[in-house]
Structure formats: structure tokens, C-alpha cells
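Per-entry structural report
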Amino acid sequence: MADKSMPLILTALSRAAADPVGLPLHGTRTAPGLFAATAAGKLAAQRCKEEGYLRVLRTETRGKAALEVCTITEKGLAYLLAQTSPRQVLEDLVRALQSRQAQADELLAVARQMQEGLEALRATAEKVLEQVSRPASVGPAASANGAETWPAAALACLARWEASGASEDCPLPELYRQTAASLTIGQFHDGLRRLYEQAQIYLHPWTGPLYEIPEPPYALLIGHEIAYYASLRR
């Protein structure tokens, strides 16, 4: 039995040494294993477990079958090196390492492509949102004087809003209606950016789904966030 099982055992231990994350003890049609599911393979597998050459890492259920996933032990590696050429074992390990490296490189390439796609999609979404939030004009024609005096009116409006005890920060559509009737939405947004950069106001993001924004044209793109509320900064 030992003579017949020796080639099967050495081949299995070589595979196990080259795949430390574990392989099924017995293979299936779709998943190769350390031993074939034959009578000889089962006897050789049982001997490896009894001798302590292999240990079970986990048990996986595939369909109706329960597969033992095994890895080589230190005793199994020592037995393999004693029965075969260490050079052959090393060459097998180098080939396995090269194969894993190629697989890792492919996965990294796919990950980079996905990241580039995400960045491109984000950039496109920002451009579309910019167009949505900057129509040509809303309401009466723009007034230069109105644009110059609007910041003070906006700050006063936010102070009143805060004093009223409202449960949320002032929505930008409401701030526009109360203070910027003579401005385009583009001028309104420019004024908000200036107040934000001058540290006079906070701009708070919309945290729900974009399609639920009640009045999208008034939303403001700040960095990677969609601002929809404002409050005084003290």
C-alpha cells in the first residue's frame, strides 16, 4: 500500500506546499484537489492526515458535498524534502509564486481601471450638476447693485433664521427667495462662495439621495459635496 500511495502522497504534498492558503483534500470536476476521489486517493489522503502531513484548515460546503480544505504541516514539508529533491520543491514554489504574482498584477490592473472609471464618472457628475445648478437666469434681470449689497442681506436673514429657533439650517432656496430676488442663481452662488471663503457662513451638505433634492437649481457644489443649507459662522 505504501509503495502505491507514495507517488500520490508526494504529489499532493508538493501541491499543498505551493498553495499555503489551502486546497480541497479531494477534488471535484470544477475544483482540483490534493487527491483524486478514487479508492487509492482516499487511502493516501487518510494516511497523510493520520501521519500529520496535512491539517484541515476549514470545511466548505459546495452543493451537497462538504470539502475539507487542507494545508501542509511542518512535518509534511520535512517528509516531502526527505523523499524528493529540495531543488525540485523550490522550483515548484518559484513557479507557484510567479503564477500568483501574475494573478495579483491582473487584479491590480482591474482595480486601477475601476478607480479611473470612478474618477471619470465623478468628474462628469460634477459637470452635470454645475449645469443643473447654474441656469442662465431666474427672475428679473441681474442687478450689479443688488449683488453688491446682497451679502449683508444674506447675513441678516441667516441671523433671523437662527433667532427663530428653526429646527434645521436655512435651506438655500429659502435664502434665495428672501434675499436675492434681483440676482441670478449664478450670482447667488458666487456670493455664497465668497461668504464661505471669508469664513462668515457655514455651508452644509445635502445628505440624502440626489434625486430627492427638492429644488436642485439652488444646490451648490463645494469641493465634492452638494451644499443645500447655510448658517452663520461665529
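Residues numbered from 1 in each chain as written. Predicted model: local features only at pLDDT ≥ 70, side-chain atom pairs only at ≥ 80, totals over all residues. Heavy atoms only, no water.

Focus on the overall build of the chain
Looking only at helices and strands, the chain features seven helices and seven strands. Written out in order from the N terminus, the α and β elements of the chain read α-β-α-β-β-α-α-α-β-α-α-β-β-β. Taken along the three principal axes of its C-alpha coordinates, the chain extends 100 × 35 × 35 Å. The burial tally for the chain puts 32% of its 234 residues in the buried class. One finds the centroid of the 24 positive side-chain charges in the chain at a distance of 9 Å from the centroid of its 25 negative side-chain charges. (Helix = DSSP H or I, 4+ residues; strand = E, 2+ residues; numbered from the N terminus. Buried < 20%, exposed > 50% of the residue type's maximum accessible area, 1.4 Å probe, protein only. Lys, Arg positive; Asp, Glu negative; His and termini not counted. Charge placed at Lys NZ, Arg CZ, Asp CG, Glu CD.)

Some thoughts on the state of the cysteines
Scanning all chains against the criterion turns up zero disulfides. The cysteine Cys70 is free of any disulfide, with Cys48 supplying the nearest cysteine sulfur at 9.3 Å. (Disulfide = S-S within 2.5 Å.)

Comments concerning helix H6 (residues 172–179)
For H6, every residue scored as buried is listed here: Leu172, Pro173, Leu175, Tyr176 and Thr179. Mapping the buried residues of H6 onto a view down its axis gives an arc of 165 degrees, with all of them on the same face. (Arc of directions from axis to C-beta.)

What about helix H3 (residues 74–83)?
Looking only at H3, the buried set comprises Gly76, Tyr79 and Leu80. Across the axial projection of H3, the buried residues extend over an arc of 100 degrees, all falling on one side. Exposed residues on H3 whose side chains face more than 90 degrees from its buried face are Glu74 and Ala82.

What about the packing of H6 against helix H7 (residues 185–197)?
Two elements in contact, H6 and H7, have axes whose closest approach is 11 Å; the angle formed by their N-to-C orientations is 105 degrees. Our classification of the angle between H6 and H7 gives roughly perpendicular. Here Leu172, Leu175 and Tyr176 of H6 come into contact with H7, specifically with Ile185, Phe188 and Leu192. When its residues are assigned to classes, the contact of H6 with H7 shows six nonpolar, no polar and no charged. (Axes fitted to C-alpha atoms, helices over the stretch in contact; angles between N-to-C directions. Parallel < 35°, antiparallel > 145°, perpendicular 65-115°, else oblique. Contact = heavy atoms within 4.5 Å. Nonpolar A, V, L, I, M, F, W, Y, C, P; charged D, E, K, R; others polar.)

A look at the nonpolar core
Counting 21 residues, the largest nonpolar core has Trp150, Leu158, Leu172, Leu175, Phe188, Leu192 and Leu203 as its most contacted members. Ranked by size, the runner-up nonpolar core spans 20 residues in total, among them Ala12, Leu23, Ala45 and Tyr53. (Core = buried A, V, L, I, M, F, W, Y, C linked by side-chain atoms within 4.5 Å.)

Focus on a nonpolar patch on the surface
On the surface, Leu90, Leu93 and Val94 cluster together to form a nonpolar patch covering roughly 230 Å² of accessible area. Structurally, Leu90 is set in helix H4 (residues 86–132). Judged by relative accessible area, Leu90 falls into the exposed class, the value being 51%. (Patch = residues over 30% accessible without salt bridge, like charges linked within 9 Å, V, L, I, M, F, W, Y side chains within 5 Å. Areas by Shrake-Rupley, 256 points an atom, 1.4 Å probe, with all protein chains shown as cover. Salt bridge = Lys/Arg side-chain N within 4 Å of Asp/Glu carboxyl O.)

Here we look at the sheet that holds strand S1 (residues 23–24)
As summarised here, the arrangement of the three strands in space is S1-S3-S2, forming an open sheet in which the pairing is antiparallel. The sheet terminates laterally at S1 and strand S2 (54–62), the two strands that pair on one side only. Judged from the eight bridges that link them, S2 and strand S3 (residues 65–72) form a sheet pairing that is antiparallel. Paired with Leu54 across the strands is Ile72, a residue of S3. (Pairing = 2+ DSSP bridges.)

Looking at the pattern of salt bridges
By the definition in use, this model includes five salt bridges. Among the ionic pairs, Asp190 bridges to Arg193, the shortest N-O distance being 3.6 Å. Pair noted here: Asp190 and Arg193 are both in helix H7, with a separation of three residues, about one helical turn. The class of Asp190 is partly exposed, set by a relative accessible area of 32%. Connected through shared salt-bridge partners, Glu174, Arg177 and Glu215 make up one network.

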